[in-house]
Amino acid sequence: MRDIPEINYEHDIQRLVSLYKRGIFDIMAELNRLDLTDMQRAQILATLKNVAEILRSINEESSKWVEEVMPKAVTDGIAGVIYSLGVVETAEEVYTLIKLNKANKALTEAVIADTQADLLRVTTNINDRTKYVIRQATQLSFRANYAKGINGRRAISVDILREMRETLGKAVDTGIIDARNIRWKPLDYVDMLVRTKTMTAHIDATINEAVAREAYYGRISKHGATDACRNYEGKIVKLVPDAPGDYPYIGDLRGGRDIFHPNCKHTITPTRLPNGI
Ligand SMILES: [Zn+2]
């Protein structure tokens, strides 16, 4: 039983997270340029337009990223199966043999669409949140301007300006709630999301290809995990629920909290023989 080649999407993930980081920086720069002493409608509309443009460009680039990286995760999963089942001698040869079966074609389409939709939630949230904080800051500015007449002061007070700055500073402080009801900051969410999606796509592609090649078991990888995953390292699992033998079904483990959680790095090496050889 040959272990699948190690996979690593770190470089791709960093590239995507940087894209969002730059975008958030640019949005904050737009908000910092607002003249808070004179919140005119034209100024606000121009700012919102620039923010929308920054977010549109993030969506465009991240969408391309997903179309490039997700199929790679699927292909790497298939490659791992071909290699570990001993169909070829070297890991390099594998890639010449890869063909997407029906299940993996459908998987690729689904994982691209899902990831794009989840990433879209991030920019939609930032857009809504930016509009919200600008509205809040505008309210503060109106109030300050009305109050000016009361004591004859001509400028908005330093305190109000500070409050407006603080309000605007919360533009990208949006919390994104995942399927497990955990709240994430945008950059952490993007990082976790694509890290988890690439690993999930890799495992799904592995299962699809392994089962098509009549390998109904898999061994969970080992990297010295310290979280709950450690109890599963090196363990054999069934890839289909009705495979014979007293092994846990991977589908049940994936629904739980212990292994294959968000950010989990564990992979599966398929095998036809559950006793591991
Ligand atoms: Zn893990």
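About the thresholds
- Residues numbered from 1 in each chain as written.
- Predicted model: local features only at pLDDT ≥ 70, side-chain atom pairs only at ≥ 80, totals over all residues.
- Heavy atoms only, no water.
- Pairing = 2+ DSSP bridges.
- Helix = DSSP H or I, 4+ residues; strand = E, 2+ residues; numbered from the N terminus.
- 1 Å grid on protein atoms, 1.4 Å probe; cavity = no way out; pocket = protein on both sides within 12 Å on 5 of 7 lines; lining within 4 Å.
- Points joined across faces, edges and corners; volume = space filled by probe spheres on them.
- Nonpolar A, V, L, I, M, F, W, Y, C, P; charged D, E, K, R; others polar.
- Domains from an automatic or database assignment.
- Expected span 1.5 Å × (residues − 1).
- Donors = N, O, S within 2.8 Å, 3.2 Å for Na, K, Ca; no water.
- Buried < 20%, exposed > 50% of the residue type's maximum accessible area, 1.4 Å probe, protein only.
- Axes fitted to C-alpha atoms, helices over the stretch in contact; angles between N-to-C directions.
- Core = buried A, V, L, I, M, F, W, Y, C linked by side-chain atoms within 4.5 Å.
- Contact = heavy atoms within 4.5 Å.
- Buried area = accessible area lost by both parts, 1.4 Å probe.

Okay, the pairing of strand β3 (residues 217-220) next. In regular strands, side chains alternate between the two faces of the sheet. In the sheet, β3 pairs with strand β4 (residues 236-238) via 3 bridges, with the strands oriented antiparallel. Considered in β4, the bridge of tyrosine 217 is made with lysine 238. Relative to strand β5 (residues 268-271), β3 runs antiparallel, the two sharing 4 bridges. Each residue of the ladder has a partner; that of isoleucine 220, found in β5, is isoleucine 268.

Here the largest pocket defines a volume of roughly 540 Å³. In terms of lining, the largest pocket is formed by 23 residues, of which the most central are Glu6, Ile7, His223, Lys265 and Thr267. Those elements that provide at least two residues to the lining of the largest pocket are α1 (10-32), α6 (186-212) and β3. Broken down by element, the residue count for the lining of the largest pocket peaks at 3 residues, all from α6. Among the residues forming the lining of the largest pocket, the class breakdown is 8 nonpolar, 8 polar and 7 charged. Looking at the lining of the largest pocket, you find at least three residues from each of domain 1 (10-213) and domain 2 (215-277). In this structure, the second largest pocket is lined by 21 residues; those nearest its centre are Arg180, Thr196, Thr200, Phe260 and Pro262. Within the residue set of the lining of the second largest pocket, elements represented by two or more residues are α4 (102-151) and α6. By residue number, the principal contributor to the lining of the second largest pocket is α6, which donates 8 residues. The class makeup of the residues in the lining of the second largest pocket is 10 nonpolar, 5 polar and 6 charged. Per-domain counts for the lining of the second largest pocket show at least three residues from each of domain 1 (10-213) and domain 2 (215-277).

What follows is about helix α2 (residues 41-84). The end-to-end C-alpha distance of α2, which contains 44 residues, comes to 63 Å, matching closely the 64 Å that a straight helix rising 1.5 Å per residue would cover. Looking one or two residues beyond α2, the residue adopting positive phi is glycine 86, at roughly 80°.

Here the focus is the coordination of the zinc ion. Every protein donor of the zinc ion is listed here as Cys229 (SG), Cys264 (SG) and His266 (ND1), and their distances to the metal cover 2.1 to 2.3 Å. Motif for the zinc ion, donor spacing along one chain: C-x34-C-x1-H. For the pair cysteine 264 and histidine 266, a shared accessibility class is recorded, and that class is buried.

Our next topic: the sheet that holds β3. An order of β4-β3-β5 is seen for the 3 strands of this open sheet, with the pairing classed as antiparallel. Two strands lie at the open edges of the sheet, namely β4 and β5, each paired on one side alone. The sheet shows a mean angle of 35° between the axes of neighbouring strands, taken without regard to direction.

The biggest cluster of nonpolar side chains holds 56 residues, and the ones touching the most others in it are Leu16, Tyr20, Ile27, Leu31, Leu119 and Leu168. For this core, the elements supplying multiple residues, two or more each, are α1, α2, α4, α5 (158-169) and α6. Broken down by element, this core gets its largest block of residues, 15 residues, from α2. Apart from residues no more than four positions distant in its own chain, leucine 16 is found in contact with Ser62, Trp65, Leu119, Val190 and Val194. Membership of the second largest hydrophobic core comes to 18 residues, among which are Leu85, Cys229, Ile250 and Leu253.

Take the domain arrangement of the protein chain next. Each assigned domain of the protein chain is listed here: domain 1 (10-213) and domain 2 (215-277). Between the C-alpha centres of domain 1 and domain 2 the distance comes to 31 Å. Contacts between the two partners involve 19 residues from domain 1 and, on the opposite side, 21 residues from domain 2. Taken together, the two surfaces of domain 1 and domain 2 that pack against each other cover about 1,700 Å², and 61% of this comes from carbon and sulfur. When residues of domain 1 are sorted by the area they lose upon contact with domain 2, Arg180, Ile203 and Val211 head the list and together hold 32% of the total.

Its identity is not glycine, yet phenylalanine 260 carries a phi of approximately 60°, on the positive side. The class for phenylalanine 260 is buried, based on a relative accessible area of 11%. The residue asparagine 263 is not glycine, and still its phi comes out positive at about 70°. By secondary structure assignment, the location of asparagine 263 is in the loop between α7 (250-255) and β5.

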